[in-house]
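# Chains, contacts and geometry: an overview
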Amino acid sequence: MGIRILDPDVAAKIAAGEVVERAASVVKELVENSLDAGATEISVVVHGGGLDLIRVVDNGTGISADEVELAFERHATSKLSFADDLTGITTLGFRGEALPSISSVSHLSIITRTKDAQFGTFLEWQGGELLRKEIRGSPIGTTIDVSRLFGDVPARLKFIKSRNSESGRVQQVVHQYMLGYPDVRFRLILDSKSPQVSGGLGKLRDVLALYYGSETASKFLEIKSVGEGPITISGLISPPTVTRGNRSGISLVINQRLVQNRSLSFAIEEAYRGFLQIRRYPMAVIFITVPYDDIDVNVHPSKAEVRFRDERIIFSALQRVVRELLLAASPLNTIDNPWPTENQDARHISKEFSRADGSFNLVMDVDARNLTPVQVPLIPKEQLPLLQILGQLHETYIVTEGPDGVYLIDQHAAHERVTYERLNRDFHAGDPSVQWLLEATLVDVPLGLMETISENAKLLERFGFQLEDFGRGSYLVRGVPAVLVGASPRNALLELLEELNSGLGGTEFQERLVSTLACHGSVRAGQNLAMTEMQSLLRSLEECIQPHTCPHGRPTMIHWSKAYLDREFGRR
Ligand code: ADP
Ligand code: MG
């Protein structure tokens, strides 16, 4: 076929595809318009992942009757009157592309009214063509309905994995705005489910509580607005005890704009150095304001990134603020480290995983900061000394006497090690020990994870999960990996799915999944153990190949030698 010029309407669709590439980006653009219009209440209703319906209702300024049609012209915007050169932009939108783009790939209707107008203006568009324009009664503000999104753009439809996964993305987008704008009251209704409402009272902690529960939210540490020259930083960060397995818990709001910025996220992670175990990540919602002229917002098609005039200043200010808060909030380290040298190595082992042939790889964390991998194949089994149990301490530690002094065992860490090695063995043998539940548990899987569950059905089975699809995102858990007896099948499954969803791969990843399960299947601190339970735990630990550390690299035991005790008591 020879070269030809595209029909104008085809060209319009192709250009549109760049701005609104998926349903979630339509939601994002419409919500941003509502925020730019000063709305204090925004409601988002979505059906079928946004392909069937997206409705955004706001109580913002509205558009005056004589300008509504114009708003649908490409590059028509009310937001760039001064800044022709795209600097100093204070609004979320500025390209005048969203409305024309969306209306050219969907069926769109808008009804909008300003406070000075008596009636609203109603417009209906189909594939970029104006079908109807009417005067109608309307409250002040704007309502936009988008239906049959991408109905005539099969290429875009193919790009969308499924309605469910798109619903998940829409939810993510709206959640981010709820966090970024705690002053605004958001309402999100997905497929007629019960509405998710954010307070709108300006309390960020209340919004956090929606996702993490009020107990967890109450533990977040507050960065009281601090100024560093023209930069201000405020927000909430998770304490070291509240972590997650991936980086998705960090939200950055820069000059009221939700952005992704790897280097600033890294600044936050860096501040947690030494506070978090390896491969655990903090959660944070950080608000940064900088002079508008110091950032360039016109660098990304969906405006998801900004560029700073001088990123280093913000990086180090952010890192310092977070670090100082963590240090101020951390308990004093009162115990002098009594580690004898023979255990020193164990403490620095940060990771190990078994291969199918039973050999082990070790990665030593040499200075506990810089991961320096040291391959030590075929680690021989470590021997534990013969230990006699004296009792339990604080429902957390098992106190034992050995041939040379006192050994204190962390019951959770020890159990994690035992569970981890068992799971690993079973997993590699492809022979999981399944515990069938007397009463199957019904688990509602969040939208964003539903794909994950179907994509990983085989893997989940190989771990010992026996699941039955109950429809509409519910699963009946009939059996669990035997190690999970007594644990919540729901929590273990959901955390595993989250790990799977993080999209990593490889042996290291598998090892992490096993550690996750091991953690769930292990006795907690705060659990009273009978003597027989302690004995059986100790016996199992003795059988482990690496009994000195838990799968995350923490020690399972500490040892005070007889010589050390004598010295401390001034006997020598
Ligand atoms: P941009 O936001 O980049 O200006 P859009 O195509 O998203 O471009 O919107 C075009 C114009 O329509 C905006 O500049 C604004 O004047 C008006 N507009 C769009 N949505 C709303 C809304 N919800 N409330 C008030 N005005 C709106
Ligand atoms: Mg816009």
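What you see is a predicted model, and the numbers here were worked out from it, not measured in a lab.

### A short note on helix 2 (residues 23-36)
- Helix length check: helix 2, at 14 residues, gives a terminal C-alpha distance of 20 Å against a target of 20 Å (1.5 Å per residue), a fit within 8%.
- Counted residue by residue, helix 2 has twelve buried out of 14 residues, so it is predominantly covered.
- Regarding helix 2, the residues found buried are A23, A24, S25, V26, V27, K28, E29, L30, V31, E32, S34 and L35.
- Positioned one or two residues after helix 2, G38 has a phi angle of 75°, which is positive.

### Regarding the packing of aromatic side chains
- Applying the stated criterion to the full structure yields five aromatic pairs.
- Residues F427 and F463 carry aromatic rings whose centres are separated by 4.7 Å and whose planes lie at 25° to one another, so their mutual orientation is stacked. On the criterion of sequence distance, the pair formed by F427 in helix 11 (residues 411-429) and F463 in helix 13 (residues 457-463) is long-range, its members being 36 residues apart.
- Taking relative accessible area as the criterion, F427 reaches 3% and is therefore assigned buried.
- Through successive ring pairs, a cluster of aromatic residues spans Y211, Y212 and F220.
- Lying across the ring of F122, R136 places its NZ or CZ 3.6 Å from the centre.

### What to know about the sheet that holds strand 18 (residues 388-393)
- Across the sheet, four strands lie side by side as 18-19-20-24; this open sheet has antiparallel pairing. Edge positions in the sheet fall to strand 18 and strand 24 (557-560), since each of these pairs with one other strand and no more. Shown here is a sheet whose adjacent strand axes are inclined to one another by a mean of 25°, direction ignored.
- Packed on one face of the sheet, helix 11 meets strand 18, strand 19 (397-402) and strand 20 (405-410) and runs near 70° to strand 20.
- Against the sheet, helix 16 (residues 531-543) engages strand 18, strand 19, strand 20 and strand 24, with an angle of about 120° to strand 18.

### Let's talk about the sheet that holds strand 22 (residues 466-471)
- One open sheet accounts for three strands, arranged 21-23-22; its pairing is antiparallel. With partners counted over all chains shown, the strands left at the sheet margins are strand 21 (434-444) and strand 22, one partner each. Taking each pair of neighbouring strands and ignoring which way they run, the sheet shows an average axis angle of 15°.

### Looking at the side chain of N261
- With respect to the helices and strands, N261 occurs in the loop between strand 12 (257-259) and helix 8 (262-271).
- Within the structure, the side chain of N261 is placed 2.8 Å from the backbone nitrogen of L264, a separation counted as a polar contact.
- Each residue touching N261, except ones within four places of it in the same chain, is listed here: L252, V306, F308 and E311.

Rules used throughout
- Residues numbered from 1 in each chain as written.
- Chains lettered and ligands numbered in written order.
- Predicted model: local features only at pLDDT ≥ 70, side-chain atom pairs only at ≥ 80, totals over all residues.
- Heavy atoms only, no water.
- Helix = DSSP H or I, 4+ residues; strand = E, 2+ residues; numbered from the N terminus.
- Expected span 1.5 Å × (residues − 1).
- Buried < 20%, exposed > 50% of the residue type's maximum accessible area, 1.4 Å probe, protein only.
- Phe/Tyr/Trp six-rings, centres within 6.5 Å; stacked < 30°, edge-to-face > 60°.
- Lys NZ or Arg CZ within 6 Å of the ring centre and 35° of its normal.
- Pairing = 2+ DSSP bridges.
- Axes fitted to C-alpha atoms, helices over the stretch in contact; angles between N-to-C directions.
- Contact = heavy atoms within 4.5 Å.
- Polar contact = N/O pair within 3.5 Å; in protein donor to acceptor, adjacent residues only side chain to side chain.

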